[in-house]
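One letter stands for each residue in the lines below.
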There are 2 protein chains.
Amino acid sequence: MGKIILKETDTRAPKSFDKTETKEKLEKILLELDDLQNLLYAESKHSLLVVIQGMDASGKDGAIRNVFGKLNPQGVMVKSFKAPTAEELSQDFLWRIHAHAPAKGMIQIFNRSHYEDILVTRVHKWCDDKTAKKRMQAINDFEKLLMAHNNTSILKFYLHVSPEEQQERLQERIKDKTKQWKYNENDFAEAKLWDDYMKMYEDCFENCNDAPWTIVPADQNWYKEFIIASAVKDTLKNFNMQFPGLKK
Amino acid sequence: MGKIILKETDTRAPKSFDKTETKEKLEKILLELDDLQNLLYAESKHSLLVVIQGMDASGKDGAIRNVFGKLNPQGVMVKSFKAPTAEELSQDFLWRIHAHAPAKGMIQIFNRSHYEDILVTRVHKWCDDKTAKKRMQAINDFEKLLMAHNNTSILKFYLHVSPEEQQERLQERIKDKTKQWKYNENDFAEAKLWDDYMKMYEDCFENCNDAPWTIVPADQNWYKEFIIASAVKDTLKNFNMQFPGLKK
C-alpha cells in the first residue's frame, strides 16, 4: 500500500454509514463470528492473531470487549503487553511476544504488541533509527514465521482517533468515577507527543507490511467495532473450514 | 564455508595431538572457562547459545557434562529437546525453542535443537524438501534475531562419529548395566538410515550458516571435549568483558 499520512486519514465513518443500521449489521456479524470461531477451534488447522494498536484512549479495550467478548473464551485469548519486565528486557524483544503466539484453533488478541518496540521506544529515543530498522526486519521475519509455519493469519488494526477526541476521552477519565482507574498521570504528557507518534506509526505502516495494517477510523465506537468485526469474519470465512470427522 | 562431505571428514583427532597432553590443556581451559562464565554472568551484556547435535551415541551428554559440568549452574542452563508435544506441535516449530533462548549473562546449551526439524523429520519424510527449505530460512532469521537483538553468540557443534564407533557404543549400551537406561529400541533402526542422516546434515551445514557449524571429530571423547571447550573459551574471551562497577 502507498504511504499513509494519518493527518489526512479519516477518524470518522464515511457519511454513507448510518449508525443504527451499522449497529444492526454488527450484531449479525457477531453471531456469524461465534459460529466461525467454534469451527476454527474444532478444526484446529488455522490460527488467528489480532494485533490492536492505538494511542491512549483510542478504544482498544472497548474494541476487544465488544467484538470478541461474546465468543467462547476457551478459544479466545487476550494478552495485554505492558512495559517489559527486567526478565523480558534480558531477552530479544520478540521473546515475550512469541510465547503468546496463537496455537492452532485459537484466536489470540494482542492489546498493544511488539510494535511498541518501534513506537513508544522511538518517540522517547530509547531506540534509534538504525535499531528500529533492524527491528522492523525482525518483525517482518517473525510474522512470516507465524504465517508460514503455523498457518496463522495476522490482522493488524490501528485505531485512529483524532487528537480532539482523545482529549475529550482523557478528560472523561478524570471526571468519570468509573473510568478514573484508567487514568495515568503520563497520559497528557504523552498526548503532547502526538506528531512524533504519528510519524512513527506512519513509518511502521510503511515498513512492517508482511501482513498489512488496517487503519480503523475510531472516533465512533460503533463504526470501529463494525470494521474490526467485519475483517475478522471475512478472514475466518476465507479459511474454508470443515468440521473434522471421527478420529481414526 | 564450502560444502562439507561428512564421509570425507575426520572423526578422529589429527595425528599431531597427544592424548595426555591434550587432556592437560583441556583442564587449563576449563579453569579459564570458569572465570569467563563468572564474568559473563556479572556483566550480563552478552549471552551464549551452544547447540549440540549428533547421531545417537555421538557423545552429546558426555560433552555437556565434561565441558560445562563444573561451571556455576546458576549461569548455565541445559535444555534437551525431545519429540515435540501436542501443545508444541500446535505452534510454529521455533516457538518451543524461543522460550529457551539465553537471557543476557547466561550460557544456554541445547542438547538437540530446532535443527531436528530439518533432520530426523526429513529422514522420515515428515517434512518435504520445500518445507525444509522454508524452515532453513526461518532458522537463519531466528538466529539472526537472537544475535542482533539480544547480543547472543551462537556456537553450533556437530559431533561427528564414525558408524563403526556408533555401533560399538550402542552395543555397549545393551551390555553395560550403567548404560542400559540410554538404550532405545529404535537406535539400531535409526542407525541404518545413516546415509540419509548424513545427507540431511550436509544440507543443513550448507544452508543454515548465519552462525556456522563446527564439525567436531568425536570418536575420541578427549579430543571432542578439547575442541568444544576451546571454541567456547575463545568466544567468551572475544566479548572483552569487564566487571561492572557499583550501581548508580
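Everything below is about the structure printed above this text.
What comes next is a walk through the structure.

Rules used in this analysis
- Residues numbered from 1 in each chain as written.
- Chains lettered and ligands numbered in written order.
- Predicted model: local features only at pLDDT ≥ 70, side-chain atom pairs only at ≥ 80, totals over all residues.
- Heavy atoms only, no water.
- Helix = DSSP H or I, 4+ residues; strand = E, 2+ residues; numbered from the N terminus.
- Rg over C-alpha atoms; globule rule 2.2 N^0.38 Å.
- Buried < 20%, exposed > 50% of the residue type's maximum accessible area, 1.4 Å probe, protein only.
- Contact = heavy atoms within 4.5 Å.
- Areas by Shrake-Rupley, 256 points an atom, 1.4 Å probe, with all protein chains shown as cover.
- Lys, Arg positive; Asp, Glu negative; His and termini not counted.
- Charge placed at Lys NZ, Arg CZ, Asp CG, Glu CD.
- Pairing = 2+ DSSP bridges.
- Axes fitted to C-alpha atoms, helices over the stretch in contact; angles between N-to-C directions.
- Buried area = accessible area lost by both parts, 1.4 Å probe.
- Salt bridge = Lys/Arg side-chain N within 4 Å of Asp/Glu carboxyl O.
- Polar contact = N/O pair within 3.5 Å; in protein donor to acceptor, adjacent residues only side chain to side chain.
- Nonpolar A, V, L, I, M, F, W, Y, C, P; charged D, E, K, R; others polar.
- Core = buried A, V, L, I, M, F, W, Y, C linked by side-chain atoms within 4.5 Å.
- Phe/Tyr/Trp six-rings, centres within 6.5 Å; stacked < 30°, edge-to-face > 60°.
- Lys NZ or Arg CZ within 6 Å of the ring centre and 35° of its normal.
- Least-squares fit on C-alpha atoms with pLDDT ≥ 70 in both.
- Parallel < 35°, antiparallel > 145°, perpendicular 65-115°, else oblique.
- Left-handed = near helix turned anticlockwise from the far one by under 90°.

### Brief notes about the overall build of chain A
Logical step 1: In terms of regular secondary structure, chain A is built from 10 helices and 5 strands.
Logical step 2: Taken over C-alpha atoms, the radius of gyration comes to 18 Å for chain A, in line with the 18 Å a tight globule of 248 residues would show.
Logical step 3: Within chain A, the fraction of its 248 residues that count as buried is 54%.
Logical step 4: For chain A, restricting intrachain contacts to residue pairs at least 6 apart in sequence, the fraction spanning at least 24 positions comes to 83%.
Logical step 5: For chain A, the accessible area works out to roughly 12800 Å², and carbon and sulfur atoms hold 50% of it.
Logical step 6: If you average the places of the 38 positive and of the 38 negative side-chain charges in chain A, the two averages end up 2 Å apart.

### Digging into the sheet that holds strand β4 (residues 152–160) of chain B
Residue and element names in this part refer to chain B.
Logical step 1: Judged by pairing direction, the sheet is parallel, and its 5 strands sit side by side in the order β2-β3-β1-β4-β5 without closing on themselves. Of all strands in the sheet, those bounded by a partner on one side alone are β2 (76–80) and β5 (213–217). Between one strand axis and the next, the sheet turns through 20° on average, direction left out of account.
Logical step 2: Inspection of the sheet shows β4 paired to β5 by 5 bridges, in the parallel sense. Residue pairing in the sheet places Tyr158 in a bridge with Ile215 of β5.
Logical step 3: With respect to the sheet, helix α6 (residues 129–150) is in contact with β1 (47–54) and β4, its orientation differing from that of β4 by roughly 140°.

### Regarding the sheet that holds strand β3 (residues 107–111) of chain A
The strands that make up a sheet pair up through hydrogen bonds in the backbone, lying either parallel or antiparallel.
Residues and elements named next belong to chain A.
Logical step 1: As summarised here, the arrangement of the 5 strands in space is β2-β3-β1-β4-β5, forming an open sheet in which the pairing is parallel. Each edge of the open sheet carries a strand with a single partner, namely β2 (76–80) and β5 (213–217). Between one strand and the next, the sheet's axes are offset by a mean angle of 20°, whatever the strand orientation.
Logical step 2: Along the sheet, helix α6 (residues 129–150) makes contact with β1 (47–54) and β4 (152–160), crossing β4 at roughly 145°.
Logical step 3: The sheet strands contacting helix α10 (residues 221–238) are β1, β3, β4 and β5, and the helix crosses β4 at an angle near 170°.

### A few points about the interface of chain B and chain A
The parts lose accessible area when they come together, and the size of an interface is often stated as this lost area.
Logical step 1: On the side of chain A, 22 residues touch chain B, which itself brings 22 residues to the contact.
Logical step 2: For the pair chain B and chain A, the summed buried area comes to about 1800 Å², and 53% of that belongs to carbon and sulfur atoms.
Logical step 3: Contact with chain A buries surface across chain B, with Asp92, His98 and His149 of chain B losing the most and accounting together for 31% of the total.
Logical step 4: Our count for the contact surface shared by chain B and chain A stands at 0 salt bridges.
Logical step 5: Our enumeration of links across chain B and chain A arrives at 14 residue pairs in polar contact (both at pLDDT 80 or more).
Logical step 6: Elements supplying a minimum of two residues to the side of chain B that touches chain A: α4 (95–98) and α6 of chain B.
Logical step 7: Broken down by element, the side of chain B that touches chain A gets its largest block of residues, 9 residues, from α6 of chain B.
Logical step 8: Here the side of chain B that touches chain A is built from residues that sort into 12 nonpolar, 5 polar and 5 charged.

### Some thoughts on the environment of Ser162 of chain A
Residue and element names in this part refer to chain A.
Logical step 1: Note that Ser162 resides in the loop between β4 and α7 (163–175).
Logical step 2: Once the C-alpha coordinates of Ser162 and Ile29 are considered, the two residues, 133 residues apart in sequence, prove to be 27 Å apart.
Logical step 3: If sequence neighbours within four positions are ignored, Ser162 has contacts with Thr11, Trp194 and Asp219.
Logical step 4: At 3.1 Å, the side chain of Ser162 and the backbone nitrogen of Glu165 are in polar contact.

### Things to note about the nonpolar core
Logical step 1: Of all hydrophobic cores here, the largest spans 74 residues; its most connected members are Phe68, Ile107, Phe157 and Leu236 of chain A.
Logical step 2: Here the element with the most residues in this core is α10 of chain A; it accounts for 9 residues.
Logical step 3: If we skip the residues at most four places from it in the chain, Phe157 of chain A touches Val50, Val51, Ile52, Gln53, Trp213, Thr214, Val216, Ile228, Ala231 and Val232 of chain A.
Logical step 4: In this structure, Ile109, Ala132, Leu146 and Val232 of chain B belong to the second largest nonpolar core, which totals 73 residues.

### So, the packing of aromatic side chains
Logical step 1: Summed over all chains, the structure comprises 21 aromatic pairs over all chains.
Logical step 2: On the numbers, 6.1 Å between centres and 50° between planes, the contact of Tyr183 of chain A with Phe188 of chain A is tilted.
Logical step 3: An aromatic cluster is built from Tyr115, Tyr158, Tyr201, Phe205 and Trp213 of chain A, whose rings are joined through pairwise contacts.
Logical step 4: Cation over ring: Arg135 of chain A sits above Phe93 of chain A, and NZ or CZ is 5.3 Å from the ring centre.
Logical step 5: Across the ring face of Phe81 of chain B, the terminal group of Lys79 of chain B is positioned such that the distance to the ring centre comes to 5.6 Å.

### A closer look at the environment of Tyr115 of chain A
Residue and element names in this part refer to chain A.
Logical step 1: Tracing the backbone shows Tyr115 in the loop between β3 and α5 (120–123).
Logical step 2: Overall, Tyr115 belongs to the buried group, its relative accessible area being 0%.
Logical step 3: On a C-alpha basis, the gap between Tyr115 and Pro163 in space is 21 Å, while along the polypeptide they are 48 residues apart.
Logical step 4: With residues near it in sequence (within four places) discarded, Tyr115 still touches Val51, Gln53, Ile139, Glu143, Lys156, Cys204, Cys208 and Trp213.
Logical step 5: Among the polar contacts made by the side chain of Tyr115, one reaches the side chain of Lys156 at a distance of 2.7 Å.

### Considering the pattern of salt bridges
Logical step 1: In this structure the tally under the stated criterion is 26 salt bridges over all chains.
Logical step 2: One salt bridge in this structure joins Asp203 of chain A and Arg122 of chain A, with 2.6 Å as the shortest N-O distance. Linking Asp203 of chain A in helix α9 (residues 194–207) with Arg122 of chain A in helix α5, this pair joins segments that are 81 residues apart in sequence.
Logical step 3: Given the relative accessible area of 22%, Asp203 of chain A is considered partly exposed.
Logical step 4: Between Glu88 of chain B and Arg96 of chain B there is a salt bridge; the shortest N-O distance is 3.1 Å.
Logical step 5: Salt bridges here are not isolated pairs; linked through shared partners, they connect Asp56, Arg112 and Glu116 of chain A.

### Topic: the relation of the copies chain B and chain A
Logical step 1: Note on the identical chains: chain B maps onto chain A by a rotation of 180° and an axial translation of 0.0 Å, with an RMSD of 0.0 Å. Here the copies are linked by what is in effect a two-fold axis.
Logical step 2: When you check the interface residues of chain B against chain A, 100% turn up at the interface there too, and the contact is symmetric in its surfaces.

### Quick look at the packing of helix α2 (residues 60–68) of chain B against helix α10 (residues 221–238) of chain B
In helix packing, the relevant descriptors are the interaxial angle and the interaxial distance, both defined with respect to the helix axes.
Residues and elements named next belong to chain B.
Logical step 1: Running from amino to carboxyl end, α2 crosses α10 at an angle of 55°, the nearest separation of the two axes being 10 Å. Here α2 is positioned oblique relative to α10, judged by the angle of their axes. Seen along the crossing, α2 lies across α10 with a hand that is right-handed. Residues Gly62, Ala63, Asn66, Val67 and Phe68 of α2 form the contact with α10, whose own contacting residues are Lys224, Glu225, Ile228, Ala229 and Val232.

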